[in-house]
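# Summary of the model geometry
Below are the chains, spelled out letter by letter.
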Amino acid sequence: MIDDESFDVEVVDKSKEWADFLSKKYKQEIRTIGREFPYKRSLIINYETLQKFGKSGVRLADELLSYPNKVFAEVRDALRAHNLLARKDAHEIIPRMNIRFINLPRKTLVRDIRSEQMNTFVSVEGIIRKTTEVRPRIVEAVFRCPSGHMTLREQGYGKFVEPESCGMADCTHKRLELIHLKSKFVDAQKIRIQEIPEGLRGGEQPQILDIDATDDLTGLAAPGDRVIVNGVLRSIQRVNSGTKSTTFDIYLDCNSIEFGEKEFEEVNITEEDEAQILELARDPNLYRKIAHSIAPTIYGNDDVKEAVSLQLFGGIAKEMPDGSTLRGDIHVLLVGDPGIAKSQLLRYVVKLSPRGIYTSGKSATSAGLTAAAVKDEFGDGKWTLEAGALVLADMGVAAVDEMDKMAKEDRSSLHEAMEQQTISIAKAGITATLKSRCALLGAANPKLGRFDEYVGISEQINMPPSLLSRFDLIFIMTDKPEKQRDEAIALHILKAHSVGELIMQHKKNPIDGVNEEYIERELAPVTPEIDPVLFRKYIAYAKRNSFPIITEEAKGTLVEYYMKLRNLASADKPVPVTARQLEALVRLAEASARTRLSMSIERDDAVRVIRIVDSCLRKVAYD
Ligand code: ADP
Ligand code: MG
């Protein structure tokens, strides 16, 4: 492959322009590299600083995007020609230095990458899904011919290139020997990122991009990290069972990695949005409106919807004086008969959550729910650390369907993931602790397929008490035939279907009497009261701005209820009543206060969450 980079006709001394910029803006950094090489060997240039550096800055910045390789060479030329490192041996150091750029204004989505971007400099946002071990990779291979002649071959990403012969005239030797000692190696790590969940429109599968990180960029990133990766898009030819294909795979030749949670403006809230949010917060019917905005096509289940709405807002994570942390995320489990709209609800919540991920307990990925160290084709024989759903949903909601069917390994790591909100991996020399600060919304079917009225609940939930006790709320959803309710559900479902159909027909072929007013009236029961886009923003706003503190009255109410619970608890129930329930009550009360963007948790919040907790515990902890 040839990197075809056309050159400007205009004659400008680029080296001089770069030297001017670097000596004005990066003098100290360059001197430090000069002093501390090889410990410090990367010059990190802020793209914005360059772009703001007058007319030449704008030009150089533009050039980087289209002709990155040329720019890297020009920067090195400038460093060399103007002796910016202030070292006699600078010419030896400069080729070994890394020129890195960060803070690019425009980000490309993985799904929008196209062939015209090949060999250009791009900035991609994503969440790290997999990382391989860091291993040396050969970049300059030196071969020796039995005749004694040495040949050097530069090596790229992917396939190892061997010379056919040493190339000397009349040399007949075919087998050349690789000389390790004379070859050059670099640390390399393969990373796979996937699109961030909040960038996806509900239900889309995230797309992935592989990253080739080398030298001091290796070993920095862990699965689950949210990153901006900057670099040059490159292609590599696919090989299908030995024959070269005409299609190419792309990867990003990594130039820099930026980490951060704050940099991610997950949800963009304008001033207009803020006004709408504040108005909604003052609405006297706020709680009802919110519950009715969660999966309105699902009839009933108001208690579950209320709980889920609290989960979306979440409690407040706290750091204890002893350095330990207390989670703020609320975990909810739905155990119910099949066909009761559990899956439907989970999918809806994922759409509403600013960072939601839907997965099934019997998911096919090797990482499962938490994380795993695997040896697969991605790692090319090396160990790969792969993030599962709970790591990818960090700072969001992980909806896990069919939880009762999850693998054994997941079950044990789930304990840690749910309470400490970390996942530790120690396998094959890989030791890592990944973050999983997410709220878990689980759904499971009863052990026997359906609930049996005559068998104790604890025998029917296919999960150990240790796991169950980590859920703040557990709902038992039974599907007993009940004339009135069944009829209401049936009408509700048919309404959603028929109105949907009517609108489709009307769009194709306007129907007399069907106008917007009519549609709105007919749709009312199945339309969310709060528009989902605004609702997402509302949640993000609350999480960013509301940190309520508990009042004495609320405290008293919660403690009183907890004391009562301890007395009521019966030993033969699946969920033991422990201090965990008190923590759950506090978290839920925080979420309740947050829902109206309040600064304090009032007695009403306590009463509201006690009602919800009690209706759950009545079934699983006492009678
Ligand atoms: P589960 O995961 O509990 O087995 P699903 O979420 O797959 O059930 O639901 C089965 C179907 O029944 C879905 O299409 C769902 O919309 C419908 N359904 C079940 N209960 C209700 C309800 N209360 N209101 C509206 N639709 C319902
Ligand atoms: Mg289901």
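Cut-off values and rules
- Residues numbered from 1 in each chain as written.
- Chains lettered and ligands numbered in written order.
- Predicted model: local features only at pLDDT ≥ 70, side-chain atom pairs only at ≥ 80, totals over all residues.
- Helix = DSSP H or I, 4+ residues; strand = E, 2+ residues; numbered from the N terminus.
- Domains from an automatic or database assignment.
- Contact = placed C-beta atoms within 7 Å.
- Nonpolar A, V, L, I, M, F, W, Y, C, P; charged D, E, K, R; others polar.
- Buried ≥ 20, exposed ≤ 12 C-beta atoms within 10 Å, placed from the backbone.
- Arc of directions from axis to C-beta.
- Core = buried A, V, L, I, M, F, W, Y, C linked by C-beta atoms within 7 Å.
- Axes fitted to C-alpha atoms, helices over the stretch in contact; angles between N-to-C directions.
- Parallel < 35°, antiparallel > 145°, perpendicular 65-115°, else oblique.
- Left-handed = near helix turned anticlockwise from the far one by under 90°.
- Near = placed C-beta within 6 Å.
- Pairing = 2+ DSSP bridges.

A few words on unusual backbone geometry. The phi torsion of most residues other than glycine is negative, and most of the peptide bonds are trans. Of note, the bond from Phe37 into Pro38 is cis; its omega dihedral lies within 30 degrees of zero at 5°. Assignment of secondary structure puts Pro38 in the loop between α2 (27-36) and β1 (42-46). Unlike most non-glycine residues, Glu402 shows phi in positive territory, near 50°.

Another aspect to go through is the domain arrangement of the chain. Note on interface size: it is often stated as the accessible area lost on association of the parts. Here the domain parsing of the chain yields domain 1 (14-102), domain 2 (110-259) and domain 3 (483-526). A C-alpha centroid distance of 24 Å is found between domain 1 and domain 2. Each partner contributes residues to the interface: domain 1 has 11 residues there, and domain 2 has nine residues. Taken together, the elements giving at least two residues each to the side of domain 1 that touches domain 2 come down to β1, α4 (54-66) and β2 (98-102). Ranked by the residues each element gives to the side of domain 1 that touches domain 2, the list is headed by β2, at four residues. Of the residues contributing to the side of domain 1 that touches domain 2, the split by class is six nonpolar, three polar and two charged.

For the rest of this paragraph, the subject is the environment of Phe101. Along the chain, the position of Phe101 falls in strand β2. Each C-alpha atom, one on Phe101 and one on Asn255, is 6.9 Å from the other, the two residues being 154 residues apart in sequence. In contact with Phe101, not counting residues within four places along its chain, are Ile45, Tyr47, Leu64, Asn230, Asn255 and Ser256.

Here the focus is helix α12 (residues 408-419). Buried residues of α12: Asp410, Ser413, Leu414, Ala417 and Met418, and no others. Seen end-on, α12 carries its buried residues on one side only, within an arc spanning 140°. Looking at the buried positions of α12, the neighbouring elements they touch are α11 (389-392), β18 (422-427), β20 (439-444) and α13 (465-468). Downstream of α12 by one or two residues, Gln421 has phi in the positive range, about 60°.

Right, let's talk about the nonpolar core for a bit. One finds Val349, Val397, Ala398, Ala399, Leu588, Ala589 and Val613 to be the most contacted residues of the largest nonpolar core, which totals 136 residues. Among the elements that take part in this core, helix α19 (residues 603-620) stands out by supplying eight residues, more than any other. Counting residues domain by domain, this core receives three or more from each of domain 1 (14-102) and domain 2 (110-259). When residues no more than four places from it in sequence are discounted, the contact partners of Ala398 are Ile357, Ala389, Leu390, Ala393, Cys438 and Leu440.

The contact between helix α18 (residues 579-595) and α19 brings their axes to 9 Å, and the two run at 125°. With respect to their mutual orientation, α18 and α19 come out oblique. Our pair here, α18 against α19, has a crossing hand that is right-handed. Touching Ala584, Leu585, Leu588, Ala589, Ser592 and Ala593 of α18 are Asp605, Ala606, Arg608, Val609, Ile612 and Val613, all from α19. Considering only residue class, the contact of α18 with α19 consists of nine nonpolar, one polar and two charged.

Moving on, we come to the site of ligand 1. In the vicinity of ligand 1 there are 15 residues, among which Tyr299, Ala341, Lys342, Ser343 and Gln344 approach most closely. Secondary structure elements with two or more residues in the shell around ligand 1: α10 (342-352) and α14 (483-508). Class assignment for the residues of the shell around ligand 1 results in seven nonpolar, seven polar and one charged.

Looking now at the sheet that holds strand β14 (residues 356-360). One open sheet holds the five strands; their spatial order is β14-β17-β20-β13-β21, and the pairing between them is parallel. Every other strand in the sheet has two partners, leaving β14 and β21 (473-477) as the edge strands with one partner each. On average, each strand axis in the sheet is inclined to that of its neighbour by 15°, with strand direction left out of account. In the sheet, strand β17 (residues 397-401) pairs with β20 via four bridges, with the strands oriented parallel. Across the sheet, residue Val397 finds its bridge partner in β20, namely Ala439.

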